[in-house]
Amino acid sequence: MDAPDISEQSAEKRVSISGSELVENYTVYIIEVKTGDHSWTIKHRYSDFHDLHEKLTAEKKIGKHLLPPKKIIGKNSKSLVEKRQKELEVYIQTLLSRFPTATPKVLSNFLNFHLYEINGIAAALAEELFHKGERLLAADKVFLLRPLQLYAITQQLKLAKPTCANGDTKADLGHILDFTCRLKYLKIPGSNRTVGTSNIDEQSLPFDLSIFKALLQIEISNCDAGQIKGLPSLKPTLDTLSIHLSANSMKEILVPEASEFAQWVPEGVDTDCPFTAIIPTWKMLTTLDMSRNFIHCIDESVKLIRKVEFLDLSYNELSVVEHLQHLYNLVHLDLSFNKLNVLEGVHTKLGNIKTLNLAGNQLETLSGLSKLYSLVNLDLSSNKLAQLDEIKHISTLPCLEKLTLANCPMCIIPDYRTKVLAQFCDRASEVCLDGTTTTEKELDTVEVLKAIQKAKEAKVRMANNDKKVSNVSGQATGGPQSSSSSSLVVPPSSSSPYRSHSNCSSQEITCIEKAFVTKEILTPVDSTLNQRCYDVYSPPCEVILQVQTQIDSCLSSGVPCESGRYSGLLFPSVAQEVPMPHLTLSLLNPVKSLILSSYLLFLSSSSMTHRRGKSLLHFAWK
């Protein structure tokens, strides 16, 4: 419905009584009021008419016999009701003809002009602000104005008539203008339904915001962007702008002038491109909330809001993140419940972001978030994240403290929390996952998982080194590698004396660094390489042999080793079927025990296992 013209607003008011209803033991009359294209209905019983008449008689001295008389007997009879209905209709029409320009307040309230008619609405608001305006301004609270009220004020200011047409100074329009010039916080809640019993659609009523000169915050909801006029006039003061269920694009709110000027540039930007208008920026705006709208893209209008720090675009139709590189001060961004499925290169647009809400999207990978180094809070709940490996993309973010993954497919994985936390390594205790602080028990489990992971990585490295040693052995013997050759493994040490020898070949270095060199565990195929190791690295190898000899001596005598650093446990050999003595395995605490057990489990199949005897020497720390 289009807004009626001013001429229609000043048209004659028409009133009729269209029917009646019996309520309990009395009759109510249905009154239909029309002014211009707007109409509404009200219900009154005869006693309401009588009270109105008494007040008008006392105030305006109208004729006492104008109102139809009361009836005691048969007052609800059909014939009497029909006759009274016609008489009351004439009575109301007569009153309106008596007051064509300034309707008395008592009559205005009787016909609900203060709810649906622009003059009555403006007069009622002016009187309210006359009594409460100063107190409301002093409280610095949010003041609520409906679109219909703003429409009435806008239309009143266009009419060529005094601001106090009915002679009541309390209803002077000046009280409204004085209040709006000083108001700081405003809320405008619209509606997609008709107002009350009327046919008035608020979304069709344009209103002008230029009467507000000091607004800091404004919230508009359920309005059409086309009906909001004068929004750019708020640029000099507005700090927070919230628009909900009102916009199809950011441009129609931030740059309404774009409908008139196709080629525009922001104020203060040098460009060689042709343009037809220079648009002033939102100089004070730091918070923009355009959630729950119908926005499909982040357009170039964001160039006008460079000082924005908080941006909420949740519950829209966004599928791509773009143009946000112009918001240098942006630290909080809410893109939840959109249609995002890819975030590649997002760090080039969100360099300083601290809080990022991506809940309720369609993300399957987090690869685009790996370089958001300033990120502190990240919400990824209700996405399509199913693989725990995706956490590795954000596990190295140095500032991340709060992570939410609730309602993602990965949450059903057993021990999901500890497996996620384990990927943060030493920072696991600093991360709050799904709103729950990490417990000591979880941290212990994380340590175990870290040990297992390190064991796996070590096993892979050992396998690679075995391959290298085998290749060296094959080259040394001058032929292909024998399938029965065993690999040699020694824990690497950057400070090892083996590395200080200056006359060593690559084969010899590999031999010493990757193996405990003992004659017992070398196969015949390895004898050449073994001999070279002993020849070149005689002193170090002798030390290792002494350690091995000491362990063998302890095992044969059943006496605990006294090396000061290690004690060992030699499991029975499968090949030799002769049980060997056991040494006590001492551990500092159960956590180390669990970590060591996990570590040894993975080493049990490594190249440290005797290939022929199938026996394993496990080491534990005291």
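Here, every reference points to the structure presented above.
Being a predicted model, the structure only gives us computed values, none of them experimental. (Residues numbered from 1 in each chain as written. Predicted model: local features only at pLDDT ≥ 70, side-chain atom pairs only at ≥ 80, totals over all residues. Heavy atoms only, no water.)

Engineer: Explain the sheet that holds strand β18 (residues 432-433) residue by residue, including any values.
Structural biologist: Spatially, the 11 strands line up as an open sheet ordered β4-β5-β7-β9-β12-β13-β14-β15-β16-β17-β18, and their pairing is parallel. Each of the sheet's edge strands pairs with one partner strand only, and the pair in question is β4 (143-144) and β18. Sheet topology places strand β5 (residues 185-189) next to strand β7 (residues 217-221); 5 bridges connect them, and they run parallel. Counted as the bridge partner of I188 is I220 from β7. (Pairing = 2+ DSSP bridges. Helix = DSSP H or I, 4+ residues; strand = E, 2+ residues; numbered from the N terminus.)

Engineer: Which residues make up helix α8 (residues 174-182), and what are the values?
Structural biologist: Buried within α8 we find I176, F179 and T180. Seen from one end, α8 has its buried residues packed into an arc of 95°, which puts them on one side. Structurally, α8 contributes buried residues whose contacts are with α6 (118-139), β4 and α7 (147-158). (Buried < 20%, exposed > 50% of the residue type's maximum accessible area, 1.4 Å probe, protein only. Arc of directions from axis to C-beta. Contact = heavy atoms within 4.5 Å.)

Engineer: I'd like to hear about the packing of aromatic side chains, residue by residue, with values.
Structural biologist: Going through the model one piece at a time under the given rule, you end up with 5 aromatic pairs. Both rings, one in W40 and one in F113, keep their centres 6.0 Å apart while their planes meet at 80°; by these two values the pair is edge-to-face. Highlighted residues: W40 in strand β3 (residues 38-45) and F113 in helix α5 (residues 113-116), separated in sequence by 73 residues. With respect to burial, W40 and F113 carry one shared label: buried. (Phe/Tyr/Trp six-rings, centres within 6.5 Å; stacked < 30°, edge-to-face > 60°.)

Engineer: Requested: an account of the packing of α6 against α8, with residues and values cited.
Structural biologist: The geometry of α6 relative to α8 is characterised by a closest axis approach of 8 Å and an angle of 45° between their N-to-C directions. Viewed along their axes, α6 and α8 adopt a mutual orientation that is oblique. The way α6 lies across α8 gives a crossing that is left-handed. Residue-level inspection shows A122, L125, A126, L129, F130, G133, E134, L136 and L137 of α6 in contact with α8, the latter providing H175, I176, D178, F179 and R182. The residue inventory of the contact of α6 with α8, partitioned by class, reads 9 nonpolar, 2 polar and 3 charged. (Axes fitted to C-alpha atoms, helices over the stretch in contact; angles between N-to-C directions. Parallel < 35°, antiparallel > 145°, perpendicular 65-115°, else oblique. Left-handed = near helix turned anticlockwise from the far one by under 90°. Nonpolar A, V, L, I, M, F, W, Y, C, P; charged D, E, K, R; others polar.)

Engineer: If you had to explain the side chain of T438 to someone new, which residues and values would you point to?
Structural biologist: Its place among the elements puts T438 in the loop between β18 and α11 (440-476). A polar contact of 2.9 Å, which involves the side chain of T438, links it to the backbone oxygen of V431. Those residues in contact with T438 that lie beyond four places of it in its chain are R417, L421, A428, V431 and L443. (Polar contact = N/O pair within 3.5 Å; in protein donor to acceptor, adjacent residues only side chain to side chain.)

Engineer: I'd love a proper account of the side chain of T281, names of residues and values included.
Structural biologist: If you trace the backbone, T281 turns up in the loop between β11 (277-279) and β12 (287-289). Once you skip the residues sitting within four places of it in the chain, T281 turns out to touch K235, P266, E267 and L304.

Engineer: Run through the sheet that holds strand β2 (residues 26-35), naming residues and quoting values.
Structural biologist: Spatially, 3 strands are ordered β1-β2-β3 in an open sheet, and the strand pairing comes out antiparallel. Looking along the sheet, the strands with just one partner apiece sit at the ends: β1 (14-23) and β3. Each strand axis lies, on average, 20° off the axis of its neighbour in the sheet, ignoring direction. Bridging between β2 and β3 involves 8 bridges; their strand directions are antiparallel. From the neighbouring strand, V28 faces β3, where its bridge partner is R45. Lying on the sheet, helix α3 (residues 78-98) is in contact with β1 and β2; it crosses β1 at an angle near 145°.

Engineer: Break down unusual backbone geometry for me, with residues and values.
Structural biologist: Positive phi is not limited to glycine here, since E24 has a value of about 55°. With respect to the helices and strands, E24 occurs in the loop between β1 and β2. On the basis of relative accessible area, E24 is assigned to the exposed category, the value being 70%. Positive phi, normally seen in glycine, also occurs at S382, with a value near 60°.

Engineer: Tell me about the packing of helix α2 (residues 46-60) against α3, and please be specific about residues and values.
Structural biologist: α3 packs onto α2 with a crossing angle of 30° between their chain directions and a minimal axis gap of 12 Å. Relative to α3, the element α2 is oriented roughly parallel. In this structure, α2 meets α3 at a crossing whose hand is left-handed. Along its contact with α2, which presents Y46, F49, L52, H53 and L56, the element α3 presents R84, L88, Y91, I92 and L95. Of the residues contributing to the contact of α2 with α3, the split by class is 8 nonpolar, 1 polar and 1 charged.

Engineer: Which residues make up the pairing of β1, and what are the values?
Structural biologist: Two strands pair when backbone bridges link them, and β1 and β2 are joined in this way by 9 bridges, in the antiparallel orientation. Looking at the pairing, G19 lines up with I30 of β2. Following β1, the chain reverses through 2 residues before pairing antiparallel with β2; E24 in that reversal takes a positive phi of roughly 55°.

Engineer: Before we move on, could you go through α6 and cite the residues and values that matter?
Structural biologist: Approximately 65° is the largest bend angle found in α6, and it occurs at K132. Along α6, the positions that sit buried rather than exposed are I118, G120, I121, A122, A123, L125, A126, E127, L129, G133 and L137. Two residues or fewer after α6 comes D140, characterised by a positive phi angle close to 55°. (Bend = angle between axes of the 7 residues up to and from the residue.)

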